Structures are given as structure tokens and as C-alpha cells.
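Structural features, examined
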Amino acid sequence: MQLDNRAQTLLKALVERYIADGQPVGSRALSKISGLDLSPATIRNIMADLEEMGYVASPHTSAGRIPTPRGYRLFVDTLLTVQQIDENAVEAGMRLPAHQPQKMIANAAQMLSSLSQFAGVVQSPRRESAFQQIEFLRLSEKRILLVIVDPRGDVQNRLLLTDVDYTPTELIQSANYLNQHFAGLSFDEVRGRLTGELRQLRDDMGRLMQAAVEAGSEALAETDDMVIAGERNLLSVADLSSNMTSLRQMFEMFEQKTGLMQLLDVSSRAGGVQIFIGGESKLVPMDEMSVVTASYEVNGKIVGTLGVIGPTRMAYERVIPIVDITAKLLSSALSHT
């Protein structure tokens, strides 16, 4: 059912007032803040219709009304006026360090949290399970540090405990063999090719290379795929921390990350700014929580998603442009590293 202009104006006024002070909004207050020349009786009738359609609800403790997730959805989709945000100020605050992608991502999550006063999240670009260069460093007898450089220049280290005490020369020869024959390939590809070539190598050298491939594959698989900043901010949001059930749901989401990763994946496929309100997405675990997301790119290709996690009662007109601008700045920074 379509809402007429009066109903839309009243719903907009109600949502904005509720976001501002968190208290149910009564008909008398709406008559003052809506700018409409309507009697209290008319306003009550319109609000009753909005409640019947599922856009507002009446808490048991008050005669006023609050928006439902459906009401918030209509508000953000059709009634919201987005604020203008100073992009230069956001860019200055992000302090994106050149040629350090992981620090850029961490700083972007921190900036999202700082500007919104909620939690900021950035899904890291999918790491390629490939290496550009490998080095072996002898730490002590039968202890070797494996250094892996991936195609983006990120470095991962792994400790190898071996049965043989390899000489520095043997370590250099093994690393050179892997780099010359397999650089740029995934570890799965290296594993398959190396198996067929081991007959040409000394047994102990072959074992070292196999150990390096296994450890390298594990190292890249275990890297963090999501950076979250400002979770503690949500503890001061009464809507999210008012009872133990809410707290448990919220921190289970941060600890397990599975549902949040699914939500970010869905958002990256959709493109642009997406708003997930309460339980409507089936991916957000709480009716009192919303997530505002946007995908970001590297050289024109979508590689991840970032966003703000907060209460449904958030100032969407501020949070939406914060998320949008941060995504664009991160895309630009990563594309020029």
C-alpha cells in the first residue's frame, strides 16, 4: 500500500525524532515537529494506519510509537536526506600509508569507527594463494625461517623445524630453485609440479621444499580476512547492550564472523552502498542492529567490502556518506600502491 504525502511526512518526522532521542514519539509531538496543519485526532488515525501496515510499533510502556525495521527501510530508501560530508577532511583523517595495503585497511576501519562512533569493518581483499618469492633463513640447527612474499608484496613468515641441519648454501639453492621454477604460481600448483620433479632432487632438499609449500599454503590461508575496529563503542549503545541476550548475540557475531562475512560478500556483489536493517537480511543477528556497507575496488575490480556496524537507531544521513567516501578513498589508495 502506497503512503500518501502526509503519512510519509509523519513517518519521516517520527524516525528522525526517535533517532535523535530514543524515546517513543507521541501524536502531540508529531503535530509540532512535522510542520503539518493536522489535528491530533487525524495524526492518531494516520499513525494507527502506519502501525497496521507494520511501519511503526507501540511499546507497552508508552502511548508513543517507534519505527520498526520496515519503517526504517522505507525511511532510508525513500525519505532520507543524506548529509554532505567533507571528503578532504575524511581523507586527511585516514592517514593512508603509501605501499602498505594492510595498514591502509586497518586505518580505514579505524576511521569508519571514529567518524560514526560505532564499529568499523573492512573485508580484506582475497589473498592470492601464490608466492612471488621465497627465502630460507637459518636460525639455528634444524630451525629455519621461511619468508614468503606474495604477488602484492605482503610478507608472511613461518618457522620450519627440520630433521636435517641445512647449510646456508643448501638453503639458498633450494630457494633459488623454487623461485626460478614456480614464482607466481599458487601453492597447490607448486605442490603438483614439485611432486613430479622430486626424483631429480636430493631427498633432503625435496623434503625441505615440500615443507615450504605446505607451510606457505597454511600461512596465506590463515591471514585475517576482516579488520574490525571500535567494537567497544557498541557497549555504550543502550539499544545493543541493554540485556545479556543482546550482548551475547553481538559478541558472537564478532567472534565467529561467519554471518558478517556472508553479509559483506552479499554487499560486494550488489555494489554501491547497501543498508542491512535489523533481522530483515537474515544475516544480521539482532533486530536492534544495522550494517551500512559499500564495496571498494582495486584498479576497477571489486575486491572487498567495508562498513559501519551500529544500532538501527543510527543517524543514517551521516553514516551513509561516511561509508561511501571511505570506500572511494580506499579504492583510490589501493589502486595506486
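Described in the following lines is the structure provided in the data block. (Residues numbered from 1 in each chain as written. Predicted model: local features only at pLDDT ≥ 70, side-chain atom pairs only at ≥ 80, totals over all residues. Heavy atoms only, no water.)

1. Details of the packing of aromatic side chains
Filter applied, for reference: A pair of Phe, Tyr and Trp rings is counted when the ring centres sit within 6.5 Å of each other, with Trp represented by its six-membered ring. The angle between the planes then sorts it: under 30 degrees is stacked, over 60 is edge-to-face, the rest tilted. Each residue's exposure class comes from its accessible area (1.4 Å probe, protein chains only) as a fraction of the maximum for that residue type: buried when under 20%, exposed when over 50%, partly exposed otherwise. Only DSSP runs of H or I reaching four residues or more are called helices, and only runs of E reaching two or more are called strands; each is numbered from the N terminus. Two conditions define a charge sitting above a ring: the NZ of Lys or the CZ of Arg must be within 6 Å of the ring centre, and it must be within 35 degrees of the ring normal.
Applying the stated criterion across every chain, the model contains 3 aromatic pairs. For the pair Y177 and F182, a centre-to-centre distance of 6.2 Å together with 65 degrees between the ring planes defines the contact as edge-to-face. Among the residues examined, F182 registers a relative accessible area of 1% and is labelled buried. Aromatic side chains F251 and F254 sit 6.2 Å apart centroid to centroid with 65 degrees between the ring planes, which places their arrangement in the edge-to-face category. Placement of both F251 and F254 in helix α11 (residues 244-256) is noted, with a separation of 3 residues, approximately one turn of the helix. Of the residues examined, F251 reaches a relative accessible area of 34% and is grouped as partly exposed. A cation sits over an aromatic face here: R70 above Y55, 4.6 Å from the ring centre. For the cation-ring pair, R313 lies above Y18, with the distance from its terminal atom to the ring centre recorded as 5.8 Å.

2. Focus on the layout of surface pockets
Put simply, the rule reads: We place a 1 Å grid over just the protein atoms. Points where a 1.4 Å probe fits but has no way out form a cavity, open points with protein on both sides within 12 Å along at least 5 of 7 lines form a pocket, and any residue with an atom within 4 Å of a point lines it. Grid points are joined across faces, edges and corners, and a volume is the space filled by probe spheres set on the points. Three classes are used, and their members are as follows: Ala, Val, Leu, Ile, Met, Phe, Trp, Tyr, Cys and Pro are nonpolar, Asp, Glu, Lys and Arg are charged, and the others, Gly among them, are polar.
Space inside the second largest pocket adds up to approximately 190 Å³. For the second largest pocket, the full set of lining residues is Y18, A57, I66, P67, T68, P69, Y72, D239, D287, E288, T312 and R313. For the lining of the second largest pocket, the per-class residue count stands at 6 nonpolar, 2 polar and 4 charged.

3. Observations concerning the pattern of salt bridges
Any two side chains of opposite charge can pair, so long as their charged atoms come close to each other. Definition in use: Basic side-chain nitrogens of Lys or Arg form a salt bridge, by our definition, when they fall within 4 Å of a carboxyl oxygen of Asp or Glu.
If you walk through the whole model with that rule in mind, you get 6 salt bridges. Two residues, D165 and R138, come together in a salt bridge whose shortest N-O distance is 3.0 Å. Taken together, the positions of D165 in the loop between β6 (155-161) and α7 (168-182) and R138 in strand β4 (residues 133-140) put the pair 27 residues apart, joining distant regions of the chain. A relative accessible area of 33% places D165 in the partly exposed class. Across the pair D324 and K328 runs a salt bridge, and its minimum N-O distance is 3.3 Å. Here the residue D324 and the residue K328 both occupy positions in helix α13 (residues 316-335), the gap between them amounting to 4 residues, near one helical turn. Residue classification places D324 among the partly exposed positions, given a relative accessible area of 25%. Residue K328 is classed as exposed on the basis of its relative accessible area of 52%.

4. Here we look at the pairing of strand β10 (residues 301-311)
For a regular strand, side chains alternate in direction, first toward one face of the sheet and then toward the other. The criterion, for reference: Two strands pair under a simple rule: DSSP has to find at least two bridges between them.
Counting buried positions along β10 gives 8 out of 11 residues, so the element sits mostly inside the fold. Bridge count for strand β3 (residues 119-123) against β10 is 4 bridges, and the pairing is antiparallel. The partner of V121 across the bridge, within β10, is G307. As judged from the 10 bridges shared by strand β9 (residues 289-298) and β10, these two strands associate in the antiparallel manner. Each residue of the ladder has a partner; that of E297, found in β10, is I302.

From the geometry alone we can't say anything about function, so treat these as descriptive.
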